[in-house]
Amino acid sequence: MTSHNQELFDESQKLIPGGVNSPVRAFKSVGGTPLFFKRGQGAYVWDADDKRYIDYVNSWGPMIVGHCHPEVVKAVQDAAAEGLGFGAPTASELEIAETLCKILPSLEMVRLVSSGTEATMTAIRLARGFTGRSRIIKFEGCYHGHSDGLLVKAGSGALTFGQPSSSGVPAEIAGLTTVLDYNDVAGLEKTFAEIGNEIACVIVEPVAGNMNLILPKREFLDAMRNLCTKHGAVLILDEVMSGFRVGLQGAHGHFGIKPDLITLGKVMGGGLPAAAFGGRRDIMQCLAPLGAVYQAGTLSGNPVAVAAGLTTLKLVQAPGFYERLTKIAKDMTEGISASAKKHGIPFSAQSIGSMFGLYFSEKAPSSYAEVMASDKEAFNRFFHAMLGEGVYLAPSAFEAGFVSAAHSDEDIAVTIAAADRVFAAWK
Ligand code: HOZ
């Protein structure tokens, strides 16, 4: 019998480039046919063939309370019944701004946008407007959305297809982006010593999740903070992925590092398109209509998206919420690692908060080069075998995974047992 996934993919490719609306969905690096999903509930998603999977992609991060949480769905329905959008201020925008600023003391002011790409793109423009400088620093393998100057040696889908620097980006723009190695303090110091007074900002994922999961070294975080302060550059922590994932206060709260600006998305939209950037008041006051740095959006602060985000942000503040997520992510990575060890397979895994990384290498990588040295073919084989077992992991060796509050202890045990069967048959 033909798979409905295959039929849908065949038809989609006739109308949609590559059959997908975002490249990383295309299964290009793992091979095979992308799954077309029709339903999600709690920890599970169902594909077009009605096969159920335990979901560790969680819409690439947002579904931290699980799919279709009844309170989130109700809030969305209630908001939709009042109006799908006004293109004018609403009380719920104020409420989510208050919520964000209360949870994250680094936010003195915040502006809502609709996607992580918008948030990072605007944060960079703001840093340039504030400093009057043009150059930016990013790190190889970090992904900050798809605006021109950030698609230079990027991670996520760009990395998946072996094209980390996009065609179509003018050399004049790419030339303003200096790319350094993640966790490389000496590289940072050297660059600041050479061109420190030209650097508008450093943008970084404080926990990198778009080249698999890479944890920051303490000295790397401190060096970025100190060098930006010393040279008058803006430190932008891109917490689109790690925000409300590593913990309630994101990676910067976890590590105790003070940003000048942060970017948020994913969880704060509860699955709908809402994102934000914010930080120091003196910088944020440069934004129009107060200042000369322009940014706008018809859908910014959309009431339905804000309702989903607000309700999700309420749910994640429940006592013990992050403790449990941290525990199940750790239980799972330790369980899968122990199984790989038992079967003599070079493998490692780690987690932080509700994010996890699985690597076909002896030890967890700490740089882009180490990620690239891991066994990608082994990951692809594992990915497909786990799909067969009813476990949906990100379809790329270069993405972090996510647990949600809907994953039960039983789901975690089932996943570890599935990995054990896969490794037992590995030869
Ligand atoms: N940041 C997400 C994955 N790393 C984006 C998902 C996408 O590119 O579709």
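Structure: see above.
What comes next is a walk through the structure.

Spatial ordering of the open sheet is given by 1-2-3-13, a layout of 4 strands whose pairing is mixed. One side of each edge strand has no neighbouring strand; the edge strands of this open sheet are strand 1 (37-41) and strand 13 (391-392). With 3 bridges joining them, strand 2 (residues 44-47) and strand 3 (residues 52-55) adopt antiparallel strand pairing. Its bridge partner lying in strand 3, tyrosine 44 is registered against isoleucine 54. Seen against the sheet, helix 15 (residues 409-424) touches strand 2, strand 3 and strand 13 and runs at an angle of roughly 105 degrees to strand 3.

One open sheet holds the 7 strands; their spatial order is 4-10-9-8-7-5-6, and the pairing between them is mixed. Single-partner strands in this sheet number two, and they are strand 4 (109-113) and strand 6 (177-180). On average, each strand axis in the sheet is inclined to that of its neighbour by 20 degrees, with strand direction left out of account. Packed on one face of the sheet, helix 3 (residues 91-103) meets strand 4, strand 9 (261-264) and strand 10 (275-279) and runs near 125 degrees to strand 4.

Among the structural elements, aspartate 184 can be located in the loop between strand 6 and helix 7 (185-195). Measuring from C-alpha to C-alpha, the distance between aspartate 184 and phenylalanine 220 comes to 6.7 Å, with 36 residues separating the pair along the chain.

For the ligand, the full set of nearby residues is Ser22, Val24, Trp60, Ser156, Asn210, Met241, Lys266 and Glu399. At 2.4 Å from a nitrogen atom of the ligand is found a side-chain nitrogen or oxygen belonging to asparagine 210. Between the ligand and glutamate 399, the relevant distance is 2.6 Å, taken from a nitrogen atom to a side-chain nitrogen or oxygen of the residue. Looking at the shell around the ligand residue by residue, the class counts come to 3 nonpolar, 3 polar and 2 charged.

Burial runs high along strand 5 (residues 135-139): 4 of the 5 residues are buried. Where strand 5 and strand 7 (residues 199-204) come together, 3 bridges link them in parallel fashion. Paired with isoleucine 137 across the strands is valine 202, a residue of strand 7. Strand direction decides the pairing type here: strand 5 and strand 6, joined by 4 bridges, are parallel. Note that in strand 6 the partner of isoleucine 136 across the bridge is threonine 177.

Moving on, we come to empty space enclosed by the protein. Applying the stated rule across the entire model yields 2 cavities of 30 Å³ or more. Taken as a whole, the largest cavity encloses approximately 90 Å³ of empty space. Around the largest cavity, the lining is made up of 13 residues, and of these Phe356, Leu358, Phe379, Glu399 and Gly401 lie nearest the centre. Take the lining of the largest cavity: its biggest share by element is 3 residues, from strand 12 (residues 355-359). Split into classes, the residues belonging to the lining of the largest cavity amount to 8 nonpolar, 4 polar and 1 charged. Of the voids in this model, the second largest cavity is the one considered here, and its volume is about 60 Å³. The wall of the second largest cavity is formed by Asn212, Leu358, Tyr359, Phe360, Pro365, Val371, Ser374, Asp375, Lys376, Phe379 and Ala397. Counting residues per element, the ones that place at least two in the lining of the second largest cavity are strand 12 and helix 14 (376-388). Considering only residue class, the lining of the second largest cavity consists of 7 nonpolar, 2 polar and 2 charged.

Reading the values: the criteria
Residues numbered from 1 in each chain as written. Predicted model: local features only at pLDDT ≥ 70, side-chain atom pairs only at ≥ 80, totals over all residues. Heavy atoms only, no water. Pairing = 2+ DSSP bridges. Helix = DSSP H or I, 4+ residues; strand = E, 2+ residues; numbered from the N terminus. Contact = heavy atoms within 4.5 Å. Axes fitted to C-alpha atoms, helices over the stretch in contact; angles between N-to-C directions. Near = heavy atom within 4 Å. Polar contact = N/O pair within 3.5 Å; in protein donor to acceptor, adjacent residues only side chain to side chain. Nonpolar A, V, L, I, M, F, W, Y, C, P; charged D, E, K, R; others polar. Buried < 20%, exposed > 50% of the residue type's maximum accessible area, 1.4 Å probe, protein only. 1 Å grid on protein atoms, 1.4 Å probe; cavity = no way out; pocket = protein on both sides within 12 Å on 5 of 7 lines; lining within 4 Å. Points joined across faces, edges and corners; volume = space filled by probe spheres on them.

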